[in-house]
Amino acid sequence: MRRPGGWWRLKSTPEKVEAYTRWSFHFYGIVEIAVMGLSAFGRLDARLAAVLFLTVTAHATVLMLVASRALDWELGQRGKPVQLLRALAVLTVVVSATALLLAKRGAGGDDVGEVAGMAFGGVVTVGSGVLALGARNWRHTVALVTGFAAGSGVLVVLLGAPVQAGLATACVVLLGSGFVAFACVFSVWLLNAVYALDEAKETRARLAVAEERLRFGRDLHDVMGRNLAVIALKSELAVQLARRGRPEAVEQMIETQRIAQETQREVRDVVRGYREVALEVELAGAQGVLSAAGILSQVTGETGDLPGEVQSALGWVVREATTNVLRHGDAEKCSVTIRPAEGRVVLTVENDGVPETTGAPGGTDGRPAGSGLAGLRERLAAVGGTLEAGAVGKGVFRLTAEVPLPVGGTALEVAP
C-alpha cells in the first residue's frame, strides 16, 4: 500500500509544478466561496445570504473549471474552451452587476452594502483575471482587464455614484484584475519553461549518446575503411598475378593476410578503448551533469593511483548511478565517496529525494533492480567486485561498489 504523499514524490519536477499551478488557480475559486460566499451568513438575512452564497459558488465553480481547461489548452492537451470562457465572462458580469445593485440598495442595513460590495470587487477582479488565460497575447490581456475596469467604473456611475467613485472603482478593479491576470499568465509561462527545460535535458542526453555513437563509428571507419581498401587492392593484384602464373601472387596474399590480421588488432583496440572508462573523467562528468540539473554534488577521494581495470569498473558504476539519480526521484543532494579498505576500493553513491515504494530495493530509485544494475554486477564480478544497492533511510538511497586491488596495487590517498 502506497504511503500518504507517495503520489507527490513519484511525480517528476514538471508534473509537480503543473499540479501546483493548477491548484493555485483553483485557490481563487476557494477564496471566492470562503470569503465572499460564507461571510454573508450571520451578517445578512438567511434567504439573501443563501442566494448570494449560491451565486458566488456557481461563479467560483465555473471559474475553477475554466482555469483547469485553459491550462490544458496552454499545455496542448485539449482545445481552447471557448464556450466555458464565454460562460465565465457572462457570469462575471451578471454576478458583479447583481452584487453592485444590492450594495446600492443597501436593503437590510449597512451589512448588505458591505458584503455585496466585497462580492462585487472579488468576482469582477478574479473573474476578469482568470479570463486572461484565454487571451492570445498580452495586448488582448490588457484590453480584457481594461475593459472590465472601465465597465465597472461606468456601472457605478450609472447607478448614481459620483464620477470620483467611478474612477476609484475602475482603478481598484484595474489593479486587482491586472495582478490576477499577470499571476495567471506568468504561472503558465513558467510551467511551459519548466517543461521546455526538462525536454532540453532529455534532448541533451540523447545528443550526447548520438555524438558518442558518431565518434565510435568514425573511429571504426578510419580503421576499417583504409585497411579494407588496401586489402581489396592487394587481393585484386594477387588475382591478376595468379592468372598469369606469377609467383608474386603468393607474396601478395601473404601481405593481404597480414593486413587483415592487423585490422583485427586495430578494431579490438578501438572497441577496448570504447569500453574502458576513466574514473576521473566519469567523476568530473557526473559532478557537472548533477550541478547542471540543480543537484548539490560532492566527490571525495583520489583516483589517480588506481589500476586501469579498477578505474574502468568503478567508472561504469559512477555513470549508471548518476543516470539513475537524474532519471528517478527528485534528488537535491548527491555524494560520491571513494576510499580504500583492506586491499580493496569502496565506491559509495548516496542521494536523497527517492520515492518510497513497497518494492524490494535494487535500483537507485528504490525500485526492483533493472538491467542497468544487473550489468554493473556483471562488470564488477569480472574483476572480483560486488555491488549493493538499497534504501538506507527515509527518501535516501545508497549504492556501494567494492573492487579488490590487484596484488601489489597502490593504496589510495583519500582527500580530507
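Criteria and cut-off values
Residues numbered from 1 in each chain as written. Predicted model: local features only at pLDDT ≥ 70, side-chain atom pairs only at ≥ 80, totals over all residues. Heavy atoms only, no water. Helix = DSSP H or I, 4+ residues; strand = E, 2+ residues; numbered from the N terminus. Buried < 20%, exposed > 50% of the residue type's maximum accessible area, 1.4 Å probe, protein only. Contact = heavy atoms within 4.5 Å. Areas by Shrake-Rupley, 256 points an atom, 1.4 Å probe, with all protein chains shown as cover. Pairing = 2+ DSSP bridges. Axes fitted to C-alpha atoms, helices over the stretch in contact; angles between N-to-C directions. Expected span 1.5 Å × (residues − 1). Core = buried A, V, L, I, M, F, W, Y, C linked by side-chain atoms within 4.5 Å. 1 Å grid on protein atoms, 1.4 Å probe; cavity = no way out; pocket = protein on both sides within 12 Å on 5 of 7 lines; lining within 4 Å. Points joined across faces, edges and corners; volume = space filled by probe spheres on them. Nonpolar A, V, L, I, M, F, W, Y, C, P; charged D, E, K, R; others polar. pLDDT = per-residue confidence, 0-100. Salt bridge = Lys/Arg side-chain N within 4 Å of Asp/Glu carboxyl O. Phe/Tyr/Trp six-rings, centres within 6.5 Å; stacked < 30°, edge-to-face > 60°.

Trainee: Talk me through the overall build of the protein chain; I want residue IDs and the actual numbers.
Mentor: Helix and strand counts for the protein chain come out as eleven helices and five strands. Across the 416 residues of the protein chain, 36% fall into the buried class. Taking all contacts inside the protein chain whose residues are at least 6 apart in sequence as the whole, residues at least 24 apart take part in 68%. Total accessible area computed for the protein chain in this model is approximately 23100 Å², and 60% of it derives from carbon and sulfur atoms.

Trainee: Break down the sheet that holds strand β1 (residues 296–300) for me, citing the residues and quoting the values.
Mentor: Strand order across the open sheet formed by five strands is β1-β2-β3-β5-β4, with mixed pairing between neighbours. The open sheet terminates on both sides in strands that have one partner only, identified here as β1 and β4 (386–393). When strand polarity is set aside, the average angle formed by the axes of neighbouring strands in this sheet is 10°. Here β4 runs beside strand β5 (residues 396–404); their pairing, made up of seven bridges, is antiparallel. Pairing of A391 across the sheet is with F397, part of β5.

Trainee: Quick one: what's the story with helix α3 (residues 46–74), residue by residue and with numbers?
Mentor: With 29 residues, α3 extends 41 Å from end C-alpha to end C-alpha; this agrees with the ideal 42 Å at 1.5 Å per step. G76 occupies a position one or two residues after α3 and carries a positive phi of about 75°.

Trainee: How would you sum up the nonpolar core? Please name residues and give values.
Mentor: Among the nonpolar cores identified, the biggest contains 35 residues, and F25, Y28, L44, L52, V130, L133 and C184 are the most heavily contacted of them. Residue assignment for this core shows that the elements contributing at least two residues are α2 (13–37), α3, α4 (82–105), α5 (110–131), α6 (138–158) and α7 (163–243). Those residues in contact with L52 that lie beyond four places of it in its chain are M36, A40, L44, V115 and A119. By size, the runner-up hydrophobic cluster in this structure holds 32 residues, among which are L279, V345, L373 and A389.

Trainee: Give a detailed account of empty space enclosed by the protein, specifying residues and quantitative values.
Mentor: Under the counting rule described, the total for this entry stands at one cavity of 30 Å³ or more. Quantified by volume, the largest cavity comes out at close to 30 Å³. Put simply, the parts of the chain that give the lining of the largest cavity at least two residues each are α9 (279–292), α10 (308–327) and β2 (333–340). With four residues, α10 is the largest single contributor of residues to the lining of the largest cavity. Residue composition of the lining of the largest cavity, by class: eight nonpolar, one polar and no charged.

Trainee: Account for the pairing of β2, naming residues and giving values.
Mentor: With five bridges joining them, β1 and β2 adopt parallel strand pairing. Note on β2: the bridge partner recorded for S297 is C334. Here seven bridges tie β2 to strand β3 (residues 344–351), and the two strands are oriented antiparallel to one another. Note that in β3 the partner of T337 across the bridge is T348. The turn joining β2 and β3, which pair antiparallel and follow one another in sequence, is formed by three residues; a positive phi near 55° is taken by E342.

Trainee: Just give me the short version of the confidence of the model for the protein chain, but keep the residues and values in it.
Mentor: With 86% of its residues at a pLDDT of at least 70, the protein chain reaches an overall mean of 80. Overall, residues 358–370 carries pLDDT values under 50, and its contacts beyond four positions in sequence, including any with other chains, amount to 35 contacts. Here residues 409–416 is modelled with pLDDT under 50, and outside its nearest four sequence neighbours on either side it reaches 18 contacts, counting other chains as well.

Trainee: Outline the environment of A50, listing residues and values.
Mentor: Of note, A50 is situated in helix α3. Sequence separation of A50 and G37 is 13 residues, and the distance between their C-alpha atoms is 8.4 Å.

Trainee: Would you mind going over the pattern of salt bridges in detail, with residue names and values included?
Mentor: Scanning the entire structure with this criterion turns up eight salt bridges. Residue E18 is joined to R22 by a salt bridge in which the shortest nitrogen-to-oxygen separation is 2.8 Å. Of this pair, E18 and R22 both sit in helix α2, four residues apart, roughly one helical turn. Neither E18 nor R22 differs from the other in exposure class; each is buried. Among the charged side chains, a network of salt bridges with common partners joins E18, R22, D72 and R78.

Trainee: Pulling in residues and values, what's your account of the pairing of β5?
Mentor: Where β3 lies against β5, eight bridges are found, and the strand directions are antiparallel. Paired with E350 across the two strands is R398, which belongs to β5.

Trainee: Summarise the packing of aromatic side chains; cite the residues concerned and give the values.
Mentor: Applying the stated criterion to the full structure yields two aromatic pairs. When the centroid spacing of 5.8 Å and the interplanar angle of 15° are considered together, the rings of F182 and F186 count as stacked. Taken together, the positions of F182 and F186, both in helix α7 and four residues apart, correspond to about one turn of that helix. On the basis of relative accessible area, F182 is assigned to the exposed category, the value being 56%.

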